[in-house]
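Residues per chain are reported as follows:
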Amino acid sequence: MLNGRATIVGYFLLHFAGAMVGQDCHIALRGHVTDADTKEALAYASVFVKEIGKGAITDENGWFAIPNLCEKTPYTVEISHIECAHFTQVVRLTENTVMEFRLVHDAILNEVVIHEKALVLPNIQAESQVDRLDLEASKGVNLGETLKRLPGVTTLNTGHTIAKPVIQGLHSNRIAIVNNGVALEGQQWGSEHAPEIDPFTANKITVVKGAAGVRYGVGAMAGAVVLEPAPLRAAAGAGGWLSLGGFSNGLGGVASGAVDWHLPSQSLTFRLQGTAKRSGNLRAPDYFLGNTGAAELNLSAMAGWKNARWTHDVGTSIFTQQIGILRSAHVGNLTDLQRAIESPVPLNNRDAFAYEVERPYQQVRHYLAKYRTTYRLSEKWKISSQYAFQFNNREEYDVVRRTGSAADKPQLSFRLWTNTLDVALEHFPIGHWQGGVGVQGIQQTNLVGRGGLIPDYRALGGSVWLLERWRRFPDPWEVEFGLRYDYRQTNATTSGSLANIDTLVHFANVSGTAGLTYHLGKHLSATVHTGYAWRPPHVNELFARGVHHGAATYEEGRPDLRTEKAWNSNVTFQYRNRQTEAALTLYRNQIRDFIYLDPQNTFVLTVRGAFPAYFYAQADAVLRGLDGSLTVPVLKSLFVESRVSLLRGERVVPDSFESNGDKKHDWLPLMPTDRFQYGLRWVIHRKSSVGASRSDDVSTAGATSLRLVATTTARQSRIPAAGLLKAPPPTFTVLSFDATHTFHLNNGRKKEAKMPLEVGLTVHNLTNTRYREYLNFFRFYADEPGLNVGIRAKLLFG
């Protein structure tokens with residue numbers, strides 16, 4: 001403990017000593033020179049800093065960098081370009097800064113806009129970001145399907161409407177889903193409990209891969225999905241967007257919209273956003289999938305304002321969802337269950353279209369409210385705090401008789417209240433170090449109203465973290481390290497049909513992360529990252545016992561489970577220029593006491609029917625693999641795209657009951673299969689190429705984009721020696737097609753004012769292929785959905 005305190009004190013002394021040494025003359029100015037009218041980058045412009053007699057030439061993308069400038073010193077930046085008149089601007093820097101310089105042809109107006117400071121710590125960890133066009137094309141489906149096109153990310157499905165993201169083979173409580181700065185606290189333990197997220201609220205989605213416990217807590221042992229909304233409106237006035245979509249399979253429709261309003265002469269700004277979705281029974285290539293309709297209604301509101309050194313943000317959201325469960329997955333006896341698994345088509349299936357959702361189904365409501373405030377202590381320091389409240393209410397309805405006391409009641413009911421508080425002290429670059437320290441607290445109460453699959457529980461937790469990053473531009477090296485300590489306490493008590501339980505368990509451990517990036521040139525970088533993370537077993541893994549209606553399984557936990565400890569290491573190579581992008585990540589995740597759901601080669605007959613049995617187990621495991629992506633032009637405006645995800649997951653198990661400590665390796669169950677994506681993208685307008693496709697502004701990304709993608713999923717041949725009720729599905733290939741075009745509508749008030757209207761066409765399973773996914777719990781009973789044609793339109797106004 002004394003050593004820890006000495007380390008912390010020493011850390012602060014080093015910072016303060018560094019600040020007192022004198023003037024810092026290692027500050028870099030990075031600039032982007034563009035045409036003020038067309039916003040196009042100006043290559044080969046001459047940049048000169050008069051006071052130091054040094055200069056630079058902008059590259060082909062309009063960028064330049066001048067290092068070794070002194071803080072708080074006025075410098076005269078002079079820019080010349082053959083097509084523009086001379087530009088002069090005086091700047092005074094306090095830290096590494098990125099500036100945009102806009103030149104006009106007639107040199108009447110010169111403008112300089114500071115559009116970015118290095119305030120946000122970018123990840124050194126391997127990560128992928130959902131392409132803007134992919135994000136728009138997939139917003140009518142759930143979050144899991146939105147992420148599925150990223151390398152290293154797949155989904156764990158329960159039927160055809162419930163999908164959970166899987167990152168490099170891990171899912172559920174090992175992935176933190178962070179929406180607008182708040183980690184989602186729902187019933188994420190269930191394999192059929194999809195995240196309560198409305199993808200329409202996100203303007204940017206990033207998947208962080210590997211151990212991310214220091215940054216996102218013990219729930220991020222496998223990584224994190226980070227959703228960021230668009231910034232609130234900065235200029236006075238009103239604006240927003242309206243999006244409409246429709247799908248042929250299930251005859252589904254979705255409508256979503258948002259309105260922003262910034263009060264004149266004040267800093268106060270608001271946003272209201274809402275989404276409504278409805279769909280009926282989906283259809284496999286040869287039959288309808290009975291009772292697979294869904295309905296969703298979501299609302300959210302945000303507001304922000306500033307007052308001197310204070311910044312305030314508040315937000316609230318409501319997520320409501322009703323999802324039908326494939327009726328043929330619930331079987332009454334062992335004989336019928338065996339027949340259903342052996343049948344090539346679903347038995348007891350309503351082969352007709354209907355919007356009506358009948359039993360079995362799920363009904364979920366999730367409420368969230370948050371308040372965040374930031375106070376700027378000085379030019380170097382700021383302190384922020386955030387309080388968030390969440391309430392999750394999940395009800396699962398099984399098939400019962402239409403009369404009787406249970407006719408209008410759920411068979412499983414869970415209510416979870418969560419309060420979280422975060423306080424962080426962060427600093428801007430000091431001696432080229434940027435980071436901060438913070439504390440977090442969490443309190444949860446979970447009440448099981450009906451069913452008794454898991455006990456009631458109350459949990460308390462606390463954390464303290466430290467994260468720092470060093471970068472001295474243009475030095476090619478970047479360094480990041482972090483430490484975190486977490487404590488968790490859970491008190492579980494008996495509920496429902498479970499045996500007597502009254503247990504208080506404690507877990508505590510340290511997480512750590514370290515990363516190193518080397519820029520081998522302007523476009524190529526290599527990153528090495530390693531991290532240690534842990535998580536305590538969840539209540540369901542310890543005490544579950546009974547039928548999980550939504551998953552149509554019988555599950556049993558183990559009270560003697562220990563904490564999982566993971567050591568994750570990865571190496572990433574990334575190349576990116578104006579039109580070509582390539583990334584390759586190699587990873588190895590060694591997990592001690594890995595907890596997994598082990599399928600049993602048997603059925604369990606209960607009063608609710610017969611179900612496949614899954615028992616929680618624990619063993620040391622190793623997951624290793626690679627994720628890769630490539631986008632390269634083959635002709636003008638024509639790009640070849642490909643992505644690959646390979647994974648090998650093994651566990652160490654006793655050789656036999658009679659062995660004397662001998663162990664052998666066996667494959668882990670429910671691991672993602674090898675997946676390959678490859679296709680063509682044709683972009684008619686040059687601005688919609690690789691760089692522009694990631695733009696947040698639909699009007700500039702515009703133009704026309706066509707994409708044809710094939711996804712080949714290999715047969716999972718690396719399966720446990722025993723336990724599977726049905727052989728893994730064979731290899732299959734599915735074709736998808738996307739098309740997008742942006743029109744610019746005149747709003748009728750100003751000749752130059754335009755309203756971007758983006759229209760799109762998406763076709764999934766173009767050839768109406770019949771297939772089944774290995775990671776779908778309902779692959780025992782039915783095929784995946786067939787051809788689905790979707791159309792969408794999004795109008796921006798204001």
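Everything numeric here is computed off the predicted structure, so don't read it as measured data.

Peer 1: Help me understand the sheet that holds strand β10 (residues 153-158), please; the structure alone is not making it clear to me.
Peer 2: Strand-to-strand pairing in sheets goes through backbone hydrogen bonds, with the strands running parallel or antiparallel. Spatially, three strands are ordered β10-β11-β12 in an open sheet, and the strand pairing comes out antiparallel. On the outer flanks of this sheet lie β10 and β12 (170-171), each paired with one strand and no other. As judged from the two bridges shared by strand β11 (residues 162-167) and β12, these two strands associate in the antiparallel manner. Bridging from a neighbouring strand, Val 166 pairs with His 171 of β12.

Peer 1: Whenever I open this one, the sheet that holds strand β5 (residues 74-81) confuses me. Can you help?
Peer 2: Taken together, four strands build an open sheet; the order of strands is β3-β2-β5-β6 and the sheet is antiparallel. Each having just a single partner strand, β3 (54-57) and β6 (84-92) make up the two edges of the open sheet. Each strand of the sheet is rotated relative to its neighbour by a mean of 20°, with strand direction disregarded. Where strand β2 (residues 46-49) lies against β5, four bridges are found, and the strand directions are antiparallel. If you follow Ser 46 over to β5, its bridge partner there is Ser 80.

Peer 1: Honestly, the pattern of salt bridges in this entry has me stumped. Any pointers?
Peer 2: Pairs can form between side chains of opposite charge once their charged atoms are near each other. One pass over the structure, following the stated rule, counts 38 salt bridges. In this structure, the salt-bridge partner of Asp 738 is Arg 149, at a minimum N-O distance of 2.8 Å. Here Asp 738 is found in strand β39 (residues 732-746), whereas its partner Arg 149 is found in the loop between α3 (143-147) and β10, with 589 residues between them in sequence. Across the salt bridge formed by Glu 641 and Arg 707, the nearest N and O atoms sit 3.2 Å from each other. Linking Glu 641 in strand β35 (residues 638-654) with Arg 707 in strand β38 (residues 704-713), this pair joins segments that are 66 residues apart in sequence. Across this residue pair, the class does not change: Glu 641 and Arg 707 are buried. Salt bridges sharing partners connect three or more residues here, namely Asp 131, Asp 134, Arg 149, Glu 641, Arg 681, Arg 707 and Asp 738.

Peer 1: Explain the pairing of β11 to me, please; I cannot follow it from the model alone.
Peer 2: It is a general feature of regular strands that their side chains alternate between the two faces of the sheet. Among the six residues that make up β11, six are buried, leaving the element largely enclosed by the rest of the structure. The alternating pattern of β11 places Ile 162, Lys 164 and Val 166 and Ala 163, Pro 165 and Ile 167 on opposite faces, both of which are buried. Alignment of β10 against β11, held across six bridges, turns out to be antiparallel. Among the inter-strand pairings, Thr 154 is bridged to a residue of β11, identified as Val 166. Two successive antiparallel strands, β10 and β11, enclose a turn made up of three residues, where Gly 159 displays a positive phi of approximately 80°. Where β11 folds back on β12, the antiparallel hairpin that results is connected by two residues, among which Gln 168 adopts a positive phi of roughly 45°.

Peer 1: How should I be thinking about the pairing of β38 in this particular structure?
Peer 2: Burial within β38 is extensive, with eight of its ten residues counted as buried. Where strand β37 (residues 675-683) meets β38, nine bridges bridge the pair, whose relative direction is antiparallel. If you follow Leu 680 over to β38, its bridge partner there is Leu 708. Judged from the ten bridges that link them, β38 and β39 form a sheet pairing that is antiparallel. By the bridge assignment for β39, Thr 713 is matched with Phe 732.

Reading guide: rules and limits
- Within any chain, residue numbers begin from 1 and follow the written order of that chain's sequence.
- With the structure being a predicted model, the display of local features is reserved for residues of pLDDT at least 70 and the display and counting of side-chain atom pairs for 80 or more, all residues being used for whole-chain, interface and lining totals.
- As a rule here, side-chain values come from all non-hydrogen atoms in the structure, and water together with hydrogens is ignored.
- Being paired, for any two strands, means DSSP has found at least two bridges between them.
- The numbering of helices and of strands both runs from the N terminus, where a helix is a DSSP run of H or I of at least 4 residues and a strand a run of E of at least 2.
- Fitting a line to C-alpha atoms yields each axis, with helices limited to the stretch in contact; the angle taken between N-to-C directions then spans 0 to 180 degrees.
- We define a salt bridge as a contact between a side-chain nitrogen of Lys or Arg and a carboxyl oxygen of Asp or Glu at a distance within 4 Å.
- The rule is simple: take the accessible area with a 1.4 Å probe, protein chains only, and divide by the maximum for that residue type; under 20% is buried, over 50% is exposed, in between is partly exposed.

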